[in-house]
Amino acid sequence: MQRNNRIQVLVASRSVKGSHGPGQGCVLRGTGIIVTEGEAADRAKAVFPWARGALVIEVQSVGMQL
C-alpha cells in the first residue's frame, strides 16, 4: 500500500569547489515510485543483476547545499 511517495535525496561531491572550500551538494525533492518492469527496471537490472527494480524520481525542486 502506497501512503506517501514524497522523496528527498542529497547528492554531493568533494571534487567540486564549494562556497567554503572543497565540496558541493544539492538536494533533489520530488516524488518517487519503484518500477519492476519496463525500460528503467531493465537498465537497473543490467547494471545490478541482484536488483528487483528501479526507483524513478520525478524531480520537482533542486536546492544547493554547502
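Residues numbered from 1 in each chain as written. Predicted model: local features only at pLDDT ≥ 70, side-chain atom pairs only at ≥ 80, totals over all residues. Heavy atoms only, no water.

## Side note on a nonpolar patch on the surface
So, point 1. On the surface, a nonpolar cluster with roughly 580 Å² of combined accessible area is contributed by Ile-34, Leu-55, Ile-57, Val-59, Val-62 and Met-64.
So, point 2. Per-element accounting of the nonpolar patch gives the leading share, five residues, to strand β3 (residues 54–65).
So, point 3. Within the fold, Val-62 resides in strand β3.
So, point 4. Residue Val-62 is classed as exposed on the basis of its relative accessible area of 53%. (Patch = residues over 30% accessible without salt bridge, like charges linked within 9 Å, V, L, I, M, F, W, Y side chains within 5 Å. Areas by Shrake-Rupley, 256 points an atom, 1.4 Å probe, with all protein chains shown as cover. Salt bridge = Lys/Arg side-chain N within 4 Å of Asp/Glu carboxyl O. Helix = DSSP H or I, 4+ residues; strand = E, 2+ residues; numbered from the N terminus. Buried < 20%, exposed > 50% of the residue type's maximum accessible area, 1.4 Å probe, protein only.)

## Examining the packing of aromatic side chains
So, point 1. Enumeration according to the criterion identifies one aromatic pair in this entry.
So, point 2. Relative to Trp-50, the ring of Phe-48 lies with its centre 5.5 Å away and its plane at 50°, an arrangement referred to as tilted.
So, point 3. A relative accessible area of 41% places Phe-48 in the partly exposed class. (Phe/Tyr/Trp six-rings, centres within 6.5 Å; stacked < 30°, edge-to-face > 60°.)

## Looking at the confidence of the model for the protein
So, point 1. Of the residues in the protein, 94% have a pLDDT of 70 or more, and the chain-wide mean is 89.
So, point 2. Least confident of the elements in the protein is strand β1 (residues 6–18), whose mean pLDDT is 85; most confident is helix α1 (residues 39–47), at 96. (pLDDT = per-residue confidence, 0-100.)

## With respect to the environment of Ser-61
So, point 1. Counting through the fold element by element, Ser-61 comes out in strand β3.
So, point 2. Sequence separation between Ser-61 and Val-35 is 26 residues, and the spatial gap between their C-alpha atoms is 22 Å.
So, point 3. Ignoring any residue separated from it by four or fewer positions in sequence, one finds Ser-61 in contact with Val-27, Leu-28 and Arg-29. (Contact = heavy atoms within 4.5 Å.)

## Examining the environment of Val-11
So, point 1. Mapped onto the elements of the fold, Val-11 is located in strand β1.
So, point 2. A sequence separation of 16 residues divides Val-11 from Val-27, and the C-alpha atoms of the two residues are 6.4 Å apart.
So, point 3. With residues near it in sequence (within four places) discarded, Val-11 still touches Gln-24, Gly-25, Cys-26 and Leu-28.

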